[in-house]
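Spelled out, the chains give:
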Amino acid sequence: MNLFEHPAHELLDLLKAQKTSAQAIFESVFSHLKQSDKNIKAFVRLSHQLPDFGPAVPSRNYPIPIALKDNICVEGQEVTCCSHILEGFKPPYDATVTQKLKKSGALILGNTNMDEFAFGSSTENSYYGPTRNPWDTACVPGGSSGGSAAAVAAHEAVWALGSDTGGSIRQPAAFCGVVGVKPTYGRVSRYGLIAFASSLDQIGPITKDVTDAALLLNIIAGYDERDSTSVNVPVPDYTKALINDAKGLKIGIPKEYFIEGMDPEVKQSILEAIDVLKKKGAAFKEISLPHTEYAVATYYIIATAEASSNLARYDGVQYGLRLQPQETRKSAIVDMYEETRDQGFGPEAKRRIMLGTYSLSSGYYDAYYLRGQKVRTLIKDDFDQAFKNCDAILTPTAPTTAFRIGEKANDPLSMYLSDIYTISANLAGVPAMSLPCGFSKNGLPIGLQIITQSFAEEMMFRIAYTYEQNTDWHKRKVGQK
Ligand code: GLN
């Protein structure tokens with residue numbers, strides 16, 4: 001096996017046994033990345049400053065090559081959210097997660113492709129063009145963190161960070177056959193994450209297996225006074241939750257999730273996953289999340305409203321792109337705003353700004369945004385109710401496997417529906433993860449979603465680990481179908 005194919009916990013073992021070095025790991029991953037990414041296009045930019053392995057550099061605890069989604073700030077490194085409007089923007093500071101990664105010794109490779117401002121489920125809405133799914137390059141990698149998930153699946157990075165507002169870590173993880181975790185809202189600081197929908201956004205790990213996800217969450221989690229939504233709850237050692245046993249655990253299966261439109265191969269894999277966990281002692285029961293049918297609509301009211309307000313700051317003055325039209329239309333300043341926003345935002349960003357501005361405008365606010373918030377509370381209550389009777393909820397991550405590039409590009413509604421299973425966890429604020437649980441006949445990965453109560457990531461990791469240790473899906477690698 002090549003060095004670049006190992007998960008981080010194996011690399012750390014090799015390092016401990018002095019069988020490899022940080023530099024050898026970095027060089028293995030980096031040279032593979034440069035070759036492989038010509039085809040996959042997971043990265044939009046490599047780090048302008050590559051790690052130094054000189055004798056003066058203090059030793060690193062976690063010298064693991066990691067890719068960052070193109071909405072996470074690294075001081076002095078261009079970051080654009082894959083939008084034309086942020087072209088040339090270099091943040092003057094590190095995101096908190098970046099700082100934590102640097103302190104742990106992680107090796108930052110570069111920025112990965114995403115849907116513009118994280119608006120999408122396929123990474124096709126990127127200003128830089130689509131990323132390809134490493135399992136089938138005619139297919140999308142999912143989105144919006146498609147570049148991060150594809151980079152890990154293609155072994156172009158050992159770890160990656162993504163952000164998840166409505167499923168953007170979990171759905172691409174499912175489509176690319178890797179592990180993706182959306183932590184509890186407030187668990188990981190968003191300071192230095194370029195905002196999409198502030199009441200929903202969370203940063204989280206994308207890794208090759210469950211152990212690595214626990215290791216990476218250990219590094220990035222924690223209270224941060226610079227993010228007012230960050231919660232001051234101690235961070236446990238998540239690797240201690242990696243217990244291969246589900247005895248005594250009660251797991252709920254929401255009846256509303258087994259609906260028409262679910263691919264039969266996806267359904268079959270989930271049923272088989274239930275059997276694996278039953279054999280390890282878990283008890284399953286049907287539960288109900290009665291407001292599930294309103295989740296997608298509620299999400300698209302709240303997320304677009306918050307996006308329209310967050311995107312108001314891109315006016316050509318402070319960040320990135322600034323354009324002036326040829327001829328004067330109104331006044332120099334208004335012309336500049338209009339031209340910059342007109343040329344700078346892509347079609348999906350414009351659609352969301354219009355939807356969001358509409359639902360926040362006076363006369364419509366009560367009917368849409370405020371109403372959306374009330375339904376959100378009902379959805380959260382569904383989860384509170386469900387967790388009175390179970391330790392975790394098991395669902396598919398997405399109703400289908402990866403679709404073909406271009407297949408849904410002109411049908412925003414069908415694209416929105418690919419988030420049907422992931423969105424509720426963001427609305428409720430609870431943690432959720434996706435891990436590989438099978439492959440379709442066409443060789444495309446299928447994802448299993450585990451949802452637990454707020455700050456119960458340990459329970460989520462325990463169930464995921466138990467499942468993983470009793471199956472072989474995580475060992476299947478791109479290129480050796
Ligand atoms: N696909 C969803 C959307 O388009 C979720 C995106 C995300 O989580 N950033 O909004």
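Quick caveat: nothing in here was measured; it's all calculated off a predicted structure.

(A) The arrangement of the overall build of the chain in detail. The secondary structure content of the chain amounts to 14 helices and eleven strands. Taking 23 Å as the expected radius of gyration for a compact globule of 481 residues, we find that the chain reaches 21 Å, a close match to that expectation. A principal-axis box enclosing the C-alpha atoms of the chain has dimensions of 70 × 60 × 45 Å. Buried positions account for 59% of the 481 residues belonging to the chain. For the chain, restricting intrachain contacts to residue pairs at least 6 apart in sequence, the fraction spanning at least 24 positions comes to 75%. For the chain, the computed accessible surface area is about 18800 Å², with 50% contributed by carbon and sulfur atoms.

(B) Unusual backbone geometry, seen in detail. Note that the residue after Gly 143, namely Ser 144, is joined by a cis bond; omega there is 10°. If you trace the backbone, Ser 144 turns up in the loop between β3 (107-112) and α4 (146-153). Positive phi, normally seen in glycine, also occurs at Lys 41, with a value near 60°. Within the element layout of this structure, Lys 41 appears in the loop between α2 (22-40) and β1 (43-46). Residues other than glycine seldom take positive phi values, yet Phe 117 does so here, at roughly 55°. Among the structural elements, Phe 117 can be located in the loop between β3 and α4.

(C) Representation of the sheet that holds strand β6 (residues 202-207) within the structure. Taken together, eleven strands build an open sheet; the order of strands is β1-β3-β2-β4-β6-β5-β10-β11-β9-β7-β8 and the sheet is mixed. This sheet does not close on itself; its edge strands, each paired only once, are β1 and β8 (283-287). For this sheet, the mean angle separating the axes of adjacent strands, direction not counted, is 30°. Of the strand pairs in this sheet, strand β4 (residues 159-164) and β6 are connected by six bridges, and their pairing is antiparallel. By the bridge assignment for β6, Ala 160 is matched with Ile 206. α2 contacts β1, β2 (65-69) and β3 of the sheet and is inclined by roughly 20° relative to β3. In the packing of helix α14 (residues 457-469) onto the sheet, contacts are made with β5 (179-182), β7 (250-254), β9 (392-396), β10 (432-439) and β11 (445-451), and the angle to β10 comes to roughly 10°.

(D) Representation of the site of the ligand within the structure. In the vicinity of the ligand there are 15 residues, among which Thr 165, Gly 166, Ser 168, Tyr 299 and Arg 352 approach most closely. Contact distances for the ligand include 2.6 Å between an oxygen atom and a side-chain N or O atom of Ser 168. A distance of 3.2 Å separates an oxygen atom of the ligand from a polar atom in the side chain of Tyr 300. Isolated, the ligand exposes 290 Å² of accessible area, and the fraction of that covered by the protein chains is 100%. The residue makeup of the shell around the ligand, split by class, is five nonpolar, seven polar and three charged.

(E) Structural view of a nonpolar patch on the surface. Taken together, Val 317, Ile 333 and Tyr 337 make up a surface patch of nonpolar side chains, about 240 Å² in accessible area. Its location among the elements puts Tyr 337 in helix α9 (residues 332-344).

(F) Fine view of the pattern of salt bridges. Throughout the structure, instances matching the rule amount to 15 salt bridges. A salt bridge links Lys 350 to Asp 342, with the shortest nitrogen-to-oxygen separation between them at 3.2 Å. For Asp 342, a relative accessible area of 42% translates into the label partly exposed. Salt bridges sharing partners connect three or more residues here, namely Arg 45, Asp 70 and Glu 78.

(G) Up close: the environment of Arg 371. By secondary structure assignment, the location of Arg 371 is in helix α11 (residues 366-386). The sequence separation of Arg 371 and Met 460 amounts to 89 residues, and the corresponding C-alpha distance is 31 Å.

(H) Spatial organisation of the packing of aromatic side chains. One pass over the structure, following the stated rule, counts 22 aromatic pairs. Pairing Tyr 257 with Tyr 421 gives two aromatic rings, centres 5.3 Å apart and planes at 20°, and the pair type is stacked. Linking Tyr 257 in the loop between β7 and α7 (264-279) with Tyr 421 in the loop between α12 (412-417) and α13 (423-428), this pair joins segments that are 164 residues apart in sequence. Of the two residues, Tyr 257 and Tyr 421, neither departs from the other in class, the shared state being buried. On the basis of an interplanar angle of 65° and a centroid distance of 5.6 Å, the ring pair of Tyr 314 and Tyr 319 is categorised as edge-to-face. Here Tyr 314 falls in the buried class, since its relative accessible area comes to 4%. By way of ring pairs, the aromatic residues Phe 89, Phe 117, Phe 119, Phe 196, Tyr 314, Tyr 319 and Phe 345 are connected into one cluster.

(I) Representation of the packing of helix α1 (residues 8-16) against helix α6 (residues 210-220) in the model. Between α1 and α6, whose axes approach to 8 Å, the crossing angle comes to 80°. Here α1 lies roughly perpendicular to α6, going by the angle between them. Between α1 and α6, the residues in contact are Ala 8, His 9 and Leu 12 and Thr 211, Asp 212 and Leu 215, respectively. Of the residues belonging to the contact of α1 with α6, the class tally is three nonpolar, two polar and one charged.

(J) Geometry of the environment of Gly 166. Relative to the elements of secondary structure, Gly 166 occurs in the loop between β4 and α5 (170-176). Along the backbone, Gly 166 and Ser 424 are 258 residues apart, and their C-alpha atoms lie at a distance of 7.7 Å. Filtering out sequence-adjacent residues up to four positions away, Gly 166 remains in contact with Tyr 299, Asp 419, Thr 422, Ile 423 and Asn 426.

(K) Representation of the side chain of Ser 199 in the model. Relative to the elements of secondary structure, Ser 199 occurs in the loop between β5 and β6. The residues contacting Ser 199, other than those within four sequence positions of it, are Tyr 185, Ile 302, Glu 306 and Arg 376.

(L) Representation of the nonpolar core in the model. If you look at the biggest cluster of nonpolar residues, it comprises 143 residues, and the most contacted ones within it are Phe 117, Leu 161, Ile 220, Phe 383 and Phe 461. Phe 117 has contacts with Cys 81, Ser 83, Ile 85, Leu 86, Ile 194, Phe 196, Leu 311, Tyr 314 and Phe 345, leaving out every residue within four places of it along the chain.

(M) Examining the state of the cysteines more closely. Under the definition given, this model contains zero disulfides. We note that Cys 81 lacks a disulfide partner, and the nearest cysteine sulfur, in Cys 82, lies 7.7 Å from it. Relative accessible area serves as the criterion here: at 1%, Cys 81 is assigned to the buried category. Taking the relative accessible area as the measure of exposure, Cys 82 reaches 0% and is therefore buried.

Rules behind the numbers
- Residues numbered from 1 in each chain as written.
- Predicted model: local features only at pLDDT ≥ 70, side-chain atom pairs only at ≥ 80, totals over all residues.
- Heavy atoms only, no water.
- Helix = DSSP H or I, 4+ residues; strand = E, 2+ residues; numbered from the N terminus.
- Rg over C-alpha atoms; globule rule 2.2 N^0.38 Å.
- Buried < 20%, exposed > 50% of the residue type's maximum accessible area, 1.4 Å probe, protein only.
- Contact = heavy atoms within 4.5 Å.
- Areas by Shrake-Rupley, 256 points an atom, 1.4 Å probe, with all protein chains shown as cover.
- Pairing = 2+ DSSP bridges.
- Axes fitted to C-alpha atoms, helices over the stretch in contact; angles between N-to-C directions.
- Near = heavy atom within 4 Å.
- Polar contact = N/O pair within 3.5 Å; in protein donor to acceptor, adjacent residues only side chain to side chain.
- Nonpolar A, V, L, I, M, F, W, Y, C, P; charged D, E, K, R; others polar.
- Patch = residues over 30% accessible without salt bridge, like charges linked within 9 Å, V, L, I, M, F, W, Y side chains within 5 Å.
- Salt bridge = Lys/Arg side-chain N within 4 Å of Asp/Glu carboxyl O.
- Phe/Tyr/Trp six-rings, centres within 6.5 Å; stacked < 30°, edge-to-face > 60°.
- Parallel < 35°, antiparallel > 145°, perpendicular 65-115°, else oblique.
- Core = buried A, V, L, I, M, F, W, Y, C linked by side-chain atoms within 4.5 Å.
- Disulfide = S-S within 2.5 Å.

By themselves, these are just geometric observations and shouldn't be taken as functional.
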